[in-house]
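Listed below are the residues making up each chain.
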Amino acid sequence: MNINLSNFNMKSLVKEAGSTISRVVQLTEEKLGTTERTEYDIHFQNLAERADVTKSWTEKIVRDTESVLIPNPQNRVEDYIFEKIEKSKPKRLSNLEHLALDMIEAGGDFGQDLPYGQALIKVGQAEQKLGQCEHDFIATSGICFTQPLRKFLEGEMKTISKERGLLETKRLDLDACKNRVKKARSMLGQQSKDGISPEAALEQAERDLRVAQAEFDRQAEITKLLLDGISTSQASHLRHLHAFVQTQVRYYKQCGDVMDQLQRELANLGGPTPYTPIDLLDATKSSAAGGMSVGARNPGNSSQQKANQSMQLNVSTDQMQRARVLCSYDAKDHTELNLSANEVIFVTECSPVNEDYMYGKQGLMKGLVPRAFVEMLDDEQKDDY
């Protein structure tokens, strides 16, 4: 083994070792309470405590959010490594997409003309759409929420931690200078040591103390300004949180739309055991079991609810006409239908007639349809569907 002794400085090594030992002794004495310690003011302590709490909870929120978005820890580690080496993340099929592929393939083998095979293919296609929605949700959530929070931890919080470490070093230097001044004052009136009079030693110690105090004050102001910036960062985090919630709302809305469309497609397939959309089951249960209690809880809306119920009960479905949906419409509650632009449905007047709504039929699904969203195709052709 070759050792380069030309750059080896024994004096520097001994000096650094002595400084480290002195610092350890100083910290030990502070722990034991046998020496004085410069305390930070209350405002600074509050700022530092808030920074520690912010750092701790932000780390937990980022960790938990990433666990929700990517449950597999191995995949999270791989994504983190690819992100650090600035390479594109590997494209993986989600569990939903694996399920979708198997369902579609099984439906083809079972027979696309058979009810079960057709249903498997329809459900598999819907699962593929849900998988794509999930990919979009994960990517958007990372951009608008987890990545900004992680950037805050790796940038601003690391800078604050570094400056707080420097401040602690300046504080230890300041306390060491205070101890030297105290020791030099106790030596006044004694004989000179190493050729330096006690007065000269005291003057040098006081000069070092003033320099250390100035450096400590300057570093304290720098650190305090950075700690004050936590408030601004939290305001930015609030905006990112709002964006995350909006992303979730859009994601679940997209999933709901996919499932609503799937229900309509399954209902239109028919077969020996036709699919009954879940909205119809909920409407039946609520009208049979909860209609009276809902009216009691909302007296102001009871007449409207009764009117809606009477519309559904008194409608004559053998006089329905075709109508085209002018633009998409999202149902406000279970009594209404979700509509897609240019879709053709069957409608008829409510009984009694309602100025704003008609009664519609969409495959096996029935409910109220806003009159302004549909255009009659044939006033004379009736529905014998």
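As a starting point, this report considers the structure included with it. (Residues numbered from 1 in each chain as written. Predicted model: local features only at pLDDT ≥ 70, side-chain atom pairs only at ≥ 80, totals over all residues. Heavy atoms only, no water.)

1. Some points on the overall build of the protein chain
Convention followed: Runs of H or I in DSSP of at least four residues are treated as helices and runs of E of at least two as strands, each being numbered from the N terminus. Only protein chains enter the calculation, and the probe is 1.4 Å; a residue is then buried if its accessible area is under 20% of its type maximum, exposed if over 50%, and partly exposed in between. Residue contacts are defined here by distance: any two heavy atoms, one from each residue, within 4.5 Å place the two residues in contact.
Looking only at helices and strands, the protein chain has nine helices and five strands in total. Expressed as a percentage of its 385 residues, the buried residues of the protein chain come to 30%. Put simply, of all contacts in the protein chain between residues at least 6 apart along the chain, 67% involve residues at least 24 apart.

2. Structural notes on the pairing of strand β4 (residues 365-370)
In plain terms, the rule: Each pair of strands is called paired provided DSSP finds at least two bridges between the two strands.
Among the six residues of β4, five are classified as buried, and the element is accordingly described as predominantly covered. In this sheet, β4 lies alongside strand β3 (residues 357-362) in antiparallel orientation, the contact comprising six bridges. By the bridge assignment for β4, Gln 362 is matched with Met 365. In this antiparallel pair of consecutive strands, β3 and β4, the connection spans two residues, and Gly 363 shows a positive phi of 65°.

3. Digging into the pattern of salt bridges
Stated precisely, the cut-off is as follows: By definition, a salt bridge exists where a carboxyl oxygen of Asp or Glu is found within 4 Å of a side-chain nitrogen of Lys or Arg.
Going through the model one piece at a time under the given rule, you end up with 14 salt bridges. Taking the shortest distance from any N to any O, the salt bridge between Arg 171 and Asp 175 comes out at 2.6 Å. In this pair, Arg 171 and Asp 175 both sit in helix α5 (residues 115-186), four residues apart, roughly one turn of the helix. You'll find Arg 171 and Asp 175 in the same group, each marked buried. Here the salt bridges share partners, and the residues they tie into one network are Glu 168, Arg 171 and Asp 175.

4. Focus on the environment of Gly 367
With respect to the secondary-structure elements, Gly 367 resides in strand β4. Residue classification places Gly 367 among the buried residues on the basis of a relative accessible area of 1%. The spatial distance from the C-alpha of Gly 367 to the C-alpha of Tyr 357 is 9.8 Å, given a sequence separation of 10 residues. The contact partners of Gly 367, leaving out residues within four places of it in the chain, are Thr 335, Leu 337, Met 358, Tyr 359 and Gly 360.

5. Focus: the nonpolar core
What counts here: Working definition of a nonpolar core: buried Ala, Val, Leu, Ile, Met, Phe, Trp, Tyr and Cys residues. They are joined through side-chain atoms within 4.5 Å.
Within the largest apolar cluster, 35 residues are counted, with the highest numbers of intra-cluster contacts made by Met 157, Leu 167, Leu 227 and Ile 230. Within the residue set of this core, elements represented by two or more residues are α2 (42-69), α5, α6 (198-228) and α7 (230-269). At 16 residues, the largest contribution of residues to this core is made by α5. Not counting the four nearest positions on each side in its chain, Met 157 is found in contact with Ala 51, Lys 55, Phe 152 and Ile 230. Grouped together as the second largest cluster of nonpolar side chains are 16 residues, Ile 345, Val 347, Met 358 and Met 365 included.

6. Observations regarding a nonpolar patch on the surface
The following threshold applies: Here, patches come from residues exposed beyond 30% relative accessible area and free of salt bridges, joined within 9 Å for like charges and within 5 Å for nonpolar side chains (Val, Leu, Ile, Met, Phe, Trp, Tyr). All accessible-area figures derive from a Shrake-Rupley calculation using a 1.4 Å probe, and residue coverage is judged against the displayed protein chains alone.
Together, Leu 238, Leu 241, Val 245 and Val 249 give the surface a local cluster of nonpolar side chains, amounting to about 320 Å² of exposed area. Inspection of the secondary structure assignment puts Val 249 in helix α7. Looking at Val 249, the relative accessible area reads 53%, which means it is exposed.

7. Some details on the packing of aromatic side chains
Put simply, the rule is: Ring pairs shown here join Phe, Tyr and Trp side chains whose ring centres sit within 6.5 Å, with only the six-membered ring taken for Trp; geometry is labelled stacked below 30 degrees between planes, edge-to-face above 60, and tilted in between.
With the rule as written, the count across this model stands at eight aromatic pairs. Judged by centre distance (6.1 Å) and plane angle (20°), the rings of Tyr 40 and Phe 216 are stacked. Here Tyr 40, found in the loop between α1 (10-32) and α2, pairs with Phe 216, found in helix α6; they are 176 residues apart in sequence, far enough to count as distant. Phe 216 carries the same exposure label as Tyr 40, and that label is buried. Of the aromatic side chains, those joined through ring pairs into one cluster are Phe 137, Phe 145, Phe 244, Tyr 251 and Tyr 252.

8. Observations regarding α5
Residue pairs three or four apart in sequence face the same way in an α-helix, which turns once every 3.6 residues. Threshold: In this analysis, the expected span of each helix is defined as 1.5 Å times one less than the number of residues it contains. One fitted axis covers the seven residues ending at a residue, a second covers the seven starting there, and the bend at that residue is the angle between these axes.
Given a rise of 1.5 Å per residue, 72 residues ought to cover 106 Å, and the 101 Å separating the end C-alpha atoms of α5 matches this to within 8%. Within α5, the axis deviates most sharply at Gly 142, by approximately 50°.

9. Topic: the sheet that holds strand β5 (residues 374-376)
The line we're drawing: What counts as an axis is a line fitted to C-alpha atoms, over the stretch in contact for a helix, and the angles between N-to-C directions run from 0 to 180 degrees.
Pairing within the open sheet is antiparallel, and its five strands lie in the order β4-β3-β2-β1-β5. Two strands close off the open sheet at either side, each with one partner strand: β4 and β5. Adjacent strand axes in the sheet meet at a mean angle of 45° when their direction is disregarded. Of the strand pairs in this sheet, strand β1 (residues 321-325) and strand β2 (residues 344-348) are connected by four bridges, and their pairing is antiparallel. Residue pairing for β2: Arg 324 is matched across the bridge by Val 344.

10. Structural notes on unusual backbone geometry
Of the consecutive residues Ser 351 and Pro 352, the connecting peptide bond is found in the cis state with omega at 5°. Mapping Pro 352 onto the fold places it in the loop between β2 and β3. Unlike most non-glycine residues, Asn 342 shows phi in positive territory, near 70°. Its place among the elements puts Asn 342 in the loop between β1 and β2. A relative accessible area of 59% means that Asn 342 is categorised as exposed.

11. A closer look at the packing of α2 against α7
The condition that has to hold: For this classification, under 35 degrees means roughly parallel, over 145 means roughly antiparallel, 65 to 115 means roughly perpendicular, and everything else is oblique. We call a crossing left-handed when the near helix sits turned anticlockwise from the far one by less than a right angle, and right-handed when that turn is clockwise. Here the nonpolar group is Ala, Val, Leu, Ile, Met, Phe, Trp, Tyr, Cys and Pro; Asp, Glu, Lys and Arg are the charged ones; every other residue, Gly included, is treated as polar.
Close contact between α2 and α7 brings their axes to 12 Å; oriented N to C, the two are set at 20°. With respect to α7, the element α2 is oriented roughly parallel. In the crossing of α2 with α7, the sense of the turn from one axis to the other is left-handed. Only Ile 230, Ser 231, Gln 234 and Phe 244 of α7 make contact with α2, whose side of the interface consists of Arg 50, Ala 51, Thr 54 and Thr 65. For the contact of α2 with α7, the per-class residue count stands at three nonpolar, four polar and one charged.

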